[in-house]
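The chain contents come next:
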Amino acid sequence: MAGSPVPLSGQDVGSFAYLTIKDRTPQILTKVIDTLHRHKNEFFEKHGEEGTEAGKKAISLLSKLRNELQTDKPIVPLVEKFVDTDIWNQYLEYQQSLMKESDGKPRWFHSPWLFVECYMYRRIHEALTQSPPIDDFDVFKELKEQNFFESQESIISLCTYLQELMRTIEELDEDQLKNEFFKFLQISLWGNKCDLSLSGGETSSQKNDLISSLEDLKPFILVNDMERLWSLLSKKTREKASVRVDIVLDNSGFELTTDLVLADFLLSSKLATEIHFYGKRIPWFVSDTTIHDFNWLIEQVKHSNHKWVAKCGVDWENCVKMSRLVYHDHIFWTLPHEYCAMSQVAPDLYAELQKADLILFKGDLNYRKLTGDRKWAFTIPFHQALSDFHPAPLCSIRTLKAEIQVGLQPGQGEELAASEPSWLTSGNLFYLQTFVLHLTCGMDGRKHKIEEDEADGIWRNG
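Residues numbered from 1 in each chain as written. Predicted model: local features only at pLDDT ≥ 70, side-chain atom pairs only at ≥ 80, totals over all residues. Heavy atoms only, no water.

In the nomenclature of an unreviewed UniProt entry, the protein chain is known as Sugar phosphate phosphatase of Trichechus manatus latirostris. Note on the protein chain: under the UniProt heading Sequence similarities (unreviewed entry), the record states "Belongs to the damage-control phosphatase family. Sugar phosphate phosphatase III subfamily." (UniProt positions renumbered as here; feature names shortened; annotations may be inferred.)

Structure follows, in structure tokens:
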């Protein structure tokens, strides 16, 4: 994009992007191959010899992919026909047109990190689709479910707190309701720590009582934008009969539970009348939420032995049936494009997001796509990094896990680096940043942009 800084890439030896491509992505591929090995008996029992051969084929394709990555081979076009294959191959041609090397071929360590990391997960999906009858096998399913089961104590605590609050929620005054809103927002933020792609597929469950930890987090809030979100939602509630909040999901397991708890609170408090979730159409970045994960988690919660957890599951299932909780997926979420390209590449999705009164973008990958995963200066305003992507008021809620950050005050990034050199990637800082495009009606009745408002918030985990 003209005028924008260059994207993060593996060309910068020693950078987080370089180390991810060099170490973390091959580690994830190895775990995927091991998963297929461990399920070979299951493939045989379900599909006979055809299942065994399919498993071998998928392993062979993934081993070839791992070798291509580790030896910095050229990025090759996708071959298996799928709904997004042509878009992917067109994007590869676009990347090739940008190359300055003599052979003009994008390579793993010389192309944008966002592109090659997304490409790896898309190739994992292709290896499975090329291997029927196991083409619908989710190689990350076990890890996502393990994260959920290992977080049971925290899930019980959250659901119990929510259900006890429901008894008196109608009696809360505005200040009390605002304080509860802040709590559930922070819970959803903290849930973003549970990212299996960052840990290379190792367990990243939440085993502590999150509610009791919130007070400990408050001293580490560097800049707090929750007041702005409260003002936006409470104003919308007063002005409109229906208020829609969209949540672009990140991880399944514990984080998805925190997102559902937040959604339940927003509906029960009447801060929103409908919540729309957006997940991935295919398994993605190890722990990202698919429709199967979404439905599976609600079913697990509904059948919990704990009464308050089970009550949450029943409530969420009813909200889904009544279309108060709505799940969407769209192939755009698993394309390599920056979100500023959405209105051209996926105008139907952009139009859907425009219906929201507020969009919450969860997690680091969404932030990278919002900002183009580029080498922005820390002080660049958020709206500038968004590059005209503003379908509705939006908020990024993330744990910092990539070397990109915008919207900071002068000197703030340098101060953080001095106290913690790996502050951008340690997963110990938390961030909440909003951009609101204000519209007002002029004398002619047409809407005019009068102000671009943004704010930043970062939580430091001590």
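1. Comments concerning the packing of aromatic side chains
By the definition in use, this model includes 32 aromatic pairs. Between Phe115 and Tyr119, the aromatic rings sit 6.1 Å apart at their centres with planes inclined by 45°, giving tilted as the arrangement. With a gap of four residues between them, Phe115 and Tyr119 both fall in helix α5 (residues 113–129), about one helical turn apart. Assessed through its relative accessible area of 1%, Phe115 is described here as buried. Between Phe332 and Tyr339, the ring centres sit 6.0 Å apart and the planes meet at 40°, which makes this aromatic pair tilted. The same class applies to Phe332 and to Tyr339, which are both buried. Among the aromatic residues, ring-to-ring pairing joins Tyr278, Phe332, Trp333, Tyr339, Tyr350, Phe361 and Phe389 into one connected group. The ring of Trp113 carries the charged tip of Arg368 above its face, separated from the ring centre by 3.6 Å. (Phe/Tyr/Trp six-rings, centres within 6.5 Å; stacked < 30°, edge-to-face > 60°. Helix = DSSP H or I, 4+ residues; strand = E, 2+ residues; numbered from the N terminus. Buried < 20%, exposed > 50% of the residue type's maximum accessible area, 1.4 Å probe, protein only. Lys NZ or Arg CZ within 6 Å of the ring centre and 35° of its normal.)

2. Digging into the pairing of strand β2 (residues 244–248)
Judged by how many residues are buried, β2 sits mostly within the fold: five of five residues are covered. Burial of the side chains of β2 extends over both faces: Arg244, Asp246 and Val248 are buried on one face and Val245 and Ile247 on the other. Strand direction decides the pairing type here: β2 and strand β3 (residues 274–279), joined by five bridges, are parallel. Within β3, the residue paired with Arg244 across the bridge is Glu274. In this view, the connection linking β2 to its parallel neighbour β3 by way of helix α11 (residues 254–268) has right-handed handedness. Looking at chain direction, β2 and strand β5 (residues 358–362) are connected through four bridges and run parallel. Residue Ile247 lies in a different strand from β5, and its bridge partner there is Leu360. (Pairing = 2+ DSSP bridges. Right-handed = clockwise from strand over helix to strand, strands pointing away.)

3. Comments concerning the nonpolar core
Nonpolar side chains in soluble globular proteins tend to be buried together. Membership of the largest hydrophobic core comes to 80 residues, with the highest contact counts inside it found for Trp108, Ile124, Met342 and Phe389. For this core, the element with the highest residue contribution is α5, accounting for eleven residues. Once you skip the residues sitting within four places of it in the chain, Ile124 turns out to touch Leu29, Val32, Leu62, Leu65, Val139 and Phe140. In terms of nonpolar packing, the next biggest core, distinct from the first, is built from 59 residues, Leu249, Leu260, Phe294 and Leu432 among them. (Core = buried A, V, L, I, M, F, W, Y, C linked by side-chain atoms within 4.5 Å. Contact = heavy atoms within 4.5 Å.)

4. Examining the packing of helix α1 (residues 16–38) against α5
Contact geometry for α1 and α5: axes closest at 11 Å, N-to-C directions at 10°. One element, α1, and the other, α5, form an angle in the roughly parallel class. Taking contact as the criterion, the partners of Phe16, Ala17, Thr20, Ile21, Arg24, Thr25, Ile28, Leu29, Val32 and Leu36 in α1 are, on α5, Trp113, Val116, Glu117, Met120, Tyr121, Ile124 and Leu128. Split into classes, the residues belonging to the contact of α1 with α5 amount to 13 nonpolar, two polar and two charged. (Axes fitted to C-alpha atoms, helices over the stretch in contact; angles between N-to-C directions. Parallel < 35°, antiparallel > 145°, perpendicular 65-115°, else oblique. Nonpolar A, V, L, I, M, F, W, Y, C, P; charged D, E, K, R; others polar.)

5. Comments concerning the environment of Ile331
Here Ile331 shows up in the loop between β4 (325–329) and α14 (342–345). With a relative accessible area of 8%, Ile331 lands in the buried category. The spatial distance from the C-alpha of Ile331 to the C-alpha of Arg281 is 6.1 Å, given a sequence separation of 50 residues. Ignoring sequence-local partners within four residues, the contact set of Ile331 consists of Phe82, Val83, Asp84 and Arg281.

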